[in-house]
Amino acid sequence: MPDRSPRLGDVIDDYCPRCRLLLNHDVTSLFADEVAKVTCRTCHNAHDYRHAQVPPKRRSGRQEDKKSLLDQVLASMPKPPEPPPAPPSATRPQKRDLWAEIERIKGQRKGPA
């Protein structure tokens, strides 16, 4: 049996932009024996007939754009000045003799003998 032309109310498959899936749709409008509009049977969204073609996926180029923008901003910034060289005595801090400090403080508390 040859395919007949679609009629109002027929159920056909189409891509629903709201559901973002290929689902059953009712034919809502015809133009010159061709389907013009359909209504999703799941979410009841009426839209143009998309001939059951799923649109291509979006590129996720946002992160690449952000990285390149950050590189541009950093390239335009002046370099930070070099820190001054540290003095030789500050390279290694002296170790404190804590027991000697304690004895010195105890001697100050007792007072003169």
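As a starting point, this report considers the structure included with it. (Residues numbered from 1 in each chain as written. Predicted model: local features only at pLDDT ≥ 70, side-chain atom pairs only at ≥ 80, totals over all residues. Heavy atoms only, no water.)

## Some thoughts on the overall build of the protein chain
Across its full length, the protein chain carries two helices and four strands. Counting from the amino terminus, helix and strand elements in the protein chain follow one another as β-β-β-β-α-α. The proportion of buried residues among the 113 residues of the protein chain is 14%. Within the protein chain, contacts between residues separated by at least 24 positions form 31% of all contacts whose residues are at least 6 apart in sequence. (Helix = DSSP H or I, 4+ residues; strand = E, 2+ residues; numbered from the N terminus. Buried < 20%, exposed > 50% of the residue type's maximum accessible area, 1.4 Å probe, protein only. Contact = heavy atoms within 4.5 Å.)

## Describing the pattern of salt bridges
Following the criterion strictly, the structure yields four salt bridges and no others. With its nearest N and O atoms 3.0 Å apart, the salt bridge here joins Asp10 to Arg4. Between Arg41 and Asp26 there is a salt bridge, with its nearest N and O atoms 3.4 Å apart. You can see Arg41 sitting in the loop between strand 3 (34-40) and strand 4 (46-48) and its partner Asp26 sitting in strand 2 (residues 21-31), a full 15 residues away along the chain. (Salt bridge = Lys/Arg side-chain N within 4 Å of Asp/Glu carboxyl O.)

## A few points about the sheet that holds strand 4
Judged by pairing direction, the sheet is antiparallel, and its four strands sit side by side in the order 1-2-3-4 without closing on themselves. The sheet is open, and its two borders are formed by strand 1 (11-16) and strand 4, each paired with just one other strand. Recorded for the sheet is a direction-independent mean angle of 50 degrees between the axes of neighbouring strands. Looking at chain direction, strand 1 and strand 2 are connected through six bridges and run antiparallel. (Pairing = 2+ DSSP bridges. Axes fitted to C-alpha atoms, helices over the stretch in contact; angles between N-to-C directions.)

## Comments concerning the environment of Pro17
Note on placement: Pro17 falls in the loop between strand 1 and strand 2. Residues Pro17 and Asn45, 28 residues apart in the sequence, show an inter-C-alpha distance of 8.6 Å. What Pro17 contacts, discounting residues up to four positions off in sequence, is Asn45, His47 and Arg50.

## Here we look at unusual backbone geometry
In this structure, His51 takes a positive phi of about 55 degrees despite not being glycine. Phi at Ala52 takes a positive value of approximately 55 degrees, unusual for a residue other than glycine. When you line up the elements, Ala52 lands in the loop between strand 4 and helix 1 (62-76).

## Concerning the environment of Thr39
One can find Thr39 in strand 3. For the pair Thr39 and His25, spaced 14 residues apart in the sequence, the C-alpha separation amounts to 5.3 Å. The contact partners of Thr39, leaving out residues within four places of it in the chain, are Asn24, His25, Asp26, Thr28, His44, Asn45 and Ala46. There is a polar contact of 2.6 Å between the side chain of Thr39 and the side chain of Thr28. (Polar contact = N/O pair within 3.5 Å; in protein donor to acceptor, adjacent residues only side chain to side chain.)

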